[in-house]
Amino acid sequence: MCGIIGYIGKKNIVDVLISGLKKLEYRGYDSSGIAILKENKIIRHRSVGKISQMEASLPSEFKNLSSKDDCIGIAHTRWATHGKPSEENAHPHIDCTKSFVLVHNGIIENYFELKTKLKKHKFLSDTDTEVIVHLIEENYNGSLIEAVKKTLKLLEGSYAFVLLSKYDPKKLFFARKDSPLIIGLAEDEKLIASDVTAMLEYTNKFIFLENEDFGEVSAKDIKIFNLKRDSIQQRPITLVNWSAQMAEKSGFKHFMLKEIYEQPQVLRENITSRVFGEDIIFDDELKFKKDLLKKIEKILIIGCGTSYHAGLVCKYFFENILKIPTEVDIASEFRYRNPILKNNTLAIFISQSGETADTLASLRLIKRYKLPTLGICNVVGSSLYREADSTIYIRCGPEIGVASTKAFTGQLISLYLFGLYLAKIKKTTSHQRYIELLNSLYKTPTYIENILSDTSFLKHLAELFYSKKDFLYLARGINYPVALEGALKLKEISYIHAEGYPAGEMKHGPIALIDKDMPVVIIATKGALLQKVFSNLEEVKSRDAKVIALTNYGVESKSIDYKIILPETDELISPILNVVPLQLLAYYIADILGCDIDQPRNLAKSVTVE
Ligand code: AGP
């Protein structure tokens, strides 16, 4: 998943492109590049490594480019899919005549077949992207928009690209299919980027391009076409009320730490914007009629990674309060397993970015079965946001750290409130239990602030255990997915191997791994299965493991070596609290190890390719 940005306007083009690119770095950061039009000649610079390395090595021709005319340029930060990270494979890619230059996010699946038909062209990279710019060169016959259109009809796979050409020096050309691309609208200047965070410094007004849209943009005008329709397309302008400052670290060492600390406000924002007395209001977000919701007999939840873990937590919550079966699937498995689907099933798709390829493909599959689809998403205007029948916005603000934290708790609170809303419609929960759960949710922001107010013990644990090579995370019931999430946090930012496992299942295999060098993190907060968890504690302790336990005041066990004491809450609500110390433990361990916490190796924030 790469980050692309284009600009046309009177600002310093290099500053705009580089600072915008840095806001996109979380999408991919193994190499980067920039190209601008200078005196009707394309100048280009690319570099392996971080954007700062590309910036530091910019040749003098990129310096002092102030001009009374509009400046125009494109830039790219890469997460390698085809061709290893190298200068030759870095974008922008240029054609043989040095007349066209292009940046791309996505995968051209038929690039090899296309490349073999471009024999007279000289390819300088191993990338799929380079095929596009040579096709533009091949198809150009005086009209750039026609050349783009002809080229798009040959491409298979996913793309979001921005093209610059010396033949039309006042316009950028664009196209998107299955990869996000957004136009930023500012007075007498325009931007195009993969994500709004790259453009917030200049505007809050955006056009989210739709699938198979293509077109041209100048400093003053935009023309959007669509491969399926010939006429010029009108697209709504979306106001995104995020400030540029929200996309900054605001004094925190890493975005991830800032976003962990933003969780109380995320929960409050979701609660206060939807709960009024005993009523939970989703009316302006849900386009489902209450009669349809009443008839729901099954829920299907689909997601990837952390979003999948949020779905697993909700399985326990929904089955408890809605008394209907709730199935949870990993999107990349679901989309290929020819699922057996029944009527009166609500399909819920969880995705922070709203652009995860496997989740979107699952959504499109389900829509063919005409089932009602609900998105749980953090990016207004994203593909999921627009393609699901209804979408609940989790109101987290931009989540920049690759490791998802506030989006996880934002997903949980949104889904919990939706579940209670549905329980009231379906009358599947007593009024007393409904109020109990609502009251517990109300307290979660304060409880999390309590946890965040003193993290010294978690830092101490990180000091004790940062050198360990393997961790095992155990839990039962609704906290089992939290064990999975805690393990995912540790492995994705510290590169330490960690497994989440159901505590009751541990003796069917993983117990063989346990010895004095394997720390075991176990969730032993109050709940119906606490005694069972204690039995598992004994099994682990008798193999000399060091036991770190999340628990509550008054929970005593001689088998616990290190107790992380959490405020006591309703068992069904406890995952929202229990995940926070696990996020922090992973963060502090990774920080001691000096890892690149916000941009871990090999990862990207939004996996827009399958
Ligand atoms: C979580 O920390 C990871 N970054 C990753 O598992 C992520 O949750 C997954 O790729 C799904 O992303 P999405 O929520 O944007 O669909």
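Owing to the predicted nature of the structure, the values given are computational and were not obtained by experimental measurement. (Residues numbered from 1 in each chain as written. Predicted model: local features only at pLDDT ≥ 70, side-chain atom pairs only at ≥ 80, totals over all residues. Heavy atoms only, no water.)

## Remarks on the site of the ligand
Inference 1: Around the ligand sit 14 residues, and of these Ser-307, Ser-351, Ser-353, Thr-356 and Glu-492 come closest.
Inference 2: Ser-307 has a polar side-chain atom sitting 2.6 Å from an oxygen atom of the ligand.
Inference 3: With respect to the ligand, the backbone of Ser-404 contributes an N or O atom lying 2.8 Å from an oxygen atom.
Inference 4: Taken by itself the ligand offers 410 Å² of open surface, and the protein chains cover 91% of this.
Inference 5: Only α9 (305–322) and α16 (480–494) provide two or more residues apiece to the shell around the ligand.
Inference 6: Residue composition of the shell around the ligand, by class: four nonpolar, eight polar and two charged. (Near = heavy atom within 4 Å. Polar contact = N/O pair within 3.5 Å; in protein donor to acceptor, adjacent residues only side chain to side chain. Areas by Shrake-Rupley, 256 points an atom, 1.4 Å probe, with all protein chains shown as cover. Helix = DSSP H or I, 4+ residues; strand = E, 2+ residues; numbered from the N terminus. Nonpolar A, V, L, I, M, F, W, Y, C, P; charged D, E, K, R; others polar.)

## Examining the pairing of strand β3 (residues 41–48)
Inference 1: Of the strand pairs in this sheet, strand β2 (residues 31–38) and β3 are connected by eight bridges, and their pairing is antiparallel. Bridge pairing in β3 places Ser-32 opposite Ser-47.
Inference 2: Linking two consecutive strands that pair antiparallel, namely β2 and β3, is a turn of two residues; a positive phi of about 50 degrees is found at Glu-39 within it. (Pairing = 2+ DSSP bridges.)

## Describing the packing of aromatic side chains
Inference 1: What the rule picks out here adds up to 15 aromatic pairs.
Inference 2: The interplanar angle of 80 degrees and the centroid separation of 6.4 Å between the aromatic rings of Tyr-111 and Phe-112 together place this pair among those described as edge-to-face.
Inference 3: On the accessibility criterion, Tyr-111 (18% relative accessible area) is buried.
Inference 4: What makes Phe-112 exposed here is its relative accessible area of 57%.
Inference 5: Taking the centre distance of 5.5 Å and the plane angle of 90 degrees together, the rings of Phe-465 and Tyr-562 count as edge-to-face. Taken together, the positions of Phe-465 in helix α15 (residues 456–465) and Tyr-562 in strand β26 (residues 562–566) put the pair 97 residues apart, joining distant regions of the chain.
Inference 6: Judged by its relative accessible area of 4%, Phe-465 is buried.
Inference 7: Among the aromatic side chains, those forming a connected cluster through ring pairs are Phe-100, Tyr-140 and Tyr-167. (Phe/Tyr/Trp six-rings, centres within 6.5 Å; stacked < 30°, edge-to-face > 60°. Buried < 20%, exposed > 50% of the residue type's maximum accessible area, 1.4 Å probe, protein only.)

## So, the side chain of His-93
Inference 1: When you line up the elements, His-93 lands in strand β5 (residues 93–94).
Inference 2: There is a polar contact of 3.2 Å between the side chain of His-93 and the backbone oxygen of Asn-89.
Inference 3: In contact with His-93, not counting residues within four places along its chain, are Arg-44, Arg-46, Glu-88, Phe-100, Val-101, Leu-102, Ser-125, Thr-127, Thr-129, Glu-130 and Val-133. (Contact = heavy atoms within 4.5 Å.)

## Brief notes about the nonpolar core
Inference 1: Counting residues in hydrophobic clusters, the biggest one holds 94 residues, and the most contacted among them are Ile-299, Phe-317, Phe-318, Ile-348, Tyr-416, Phe-418 and Tyr-473.
Inference 2: Top contributing element to this core by residue count: helix α13 (residues 406–426), with 13 residues.
Inference 3: In contact with Ile-348, not counting residues within four places along its chain, are Ile-299, Leu-300, Ile-301, Ile-302, Phe-318, Leu-374, Ile-376, Leu-415 and Phe-418.
Inference 4: Counting residues in hydrophobic clusters, the runner-up holds 33 residues, among them Ile-13, Leu-21, Ile-36 and Val-196. (Core = buried A, V, L, I, M, F, W, Y, C linked by side-chain atoms within 4.5 Å.)

## Some thoughts on the packing of helix α14 (residues 431–453) against helix α18 (residues 574–592)
Inference 1: One way to put it is that α14 packs onto α18 with a least axis distance of 9 Å and a crossing angle of 25 degrees. With respect to their mutual orientation, α14 and α18 come out roughly parallel. Note on packing geometry: the crossing formed by α14 with α18 is right-handed. In contact with Leu-441, Thr-444, Tyr-447, Ile-448, Ile-451 and Leu-452 of α14, α18 contributes Ile-576, Leu-577, Val-580, Pro-581 and Leu-584. (Axes fitted to C-alpha atoms, helices over the stretch in contact; angles between N-to-C directions. Parallel < 35°, antiparallel > 145°, perpendicular 65-115°, else oblique. Left-handed = near helix turned anticlockwise from the far one by under 90°.)

## What about the state of the cysteines?
Inference 1: Taken as a whole, this structure holds zero disulfides when the rule is applied.
Inference 2: Residue Cys-314 stays outside any disulfide, its sulfur separated by 13 Å from that of Cys-396, the closest cysteine.
Inference 3: Looking at Cys-314, the relative accessible area reads 0%, which means it is buried.
Inference 4: Left unpaired, Cys-396 is separated from the closest cysteine sulfur, that of Cys-377, by 10 Å. (Disulfide = S-S within 2.5 Å.)

## Side note on the sheet that holds strand β9 (residues 182–186)
Inference 1: The strand order across the open sheet formed by eight strands is β3-β2-β4-β1-β10-β9-β11-β14, and the pairing between neighbours is antiparallel. Each edge of the sheet is formed by a strand with only one pairing partner; in this case those strands are β3 and β14 (238–239).
Inference 2: Sitting on the sheet, helix α1 (residues 13–24) touches β1 (3–9), β2, β4 (71–78) and β10 (189–193), and the angle it makes with β1 is about 155 degrees.

## Remarks on the packing of helix α7 (residues 263–272) against α14
Inference 1: Remark: α7 packs on α14, axes separated minimally by 9 Å, with the N-to-C direction vectors making an angle of 170 degrees. Regarding the angle of α7 to α14, the classification is roughly antiparallel. Where α7 approaches α14, its residues Pro-264, Leu-267, Arg-268 and Ile-271 are matched on the opposing element by Leu-441, Tyr-442, Thr-444, Pro-445, Thr-446, Ile-448, Glu-449 and Leu-452.
Inference 2: Each residue belonging to the contact of α7 with α14 can be placed in one class, and the counts come to eight nonpolar, two polar and two charged.

## A closer look at the environment of Phe-288
Inference 1: For Phe-288, the position within the fold is in the loop between β16 (279–280) and α8 (290–295).
Inference 2: Judged by relative accessible area, which is 10%, Phe-288 ranks as buried.
Inference 3: In sequence terms Phe-288 and Asp-389 are 101 residues apart; their C-alpha atoms lie 8.1 Å from each other.

## Regarding the sheet that holds strand β24 (residues 520–523)
Inference 1: One open sheet accounts for five strands, arranged β23-β22-β24-β25-β26; its pairing is parallel. Strand pairing shows two members of the sheet lacking a second neighbour, β23 (497–502) and β26, which therefore form its edges. The mean angle between the axes of side-by-side strands here comes to 20 degrees, regardless of whether they run parallel or antiparallel.
Inference 2: Along the sheet, α16 contacts β22 (470–475), β23 and β24; its crossing angle with β23, the most-contacted strand, is approximately 175 degrees.

Nothing here speaks to function; it is geometry throughout.
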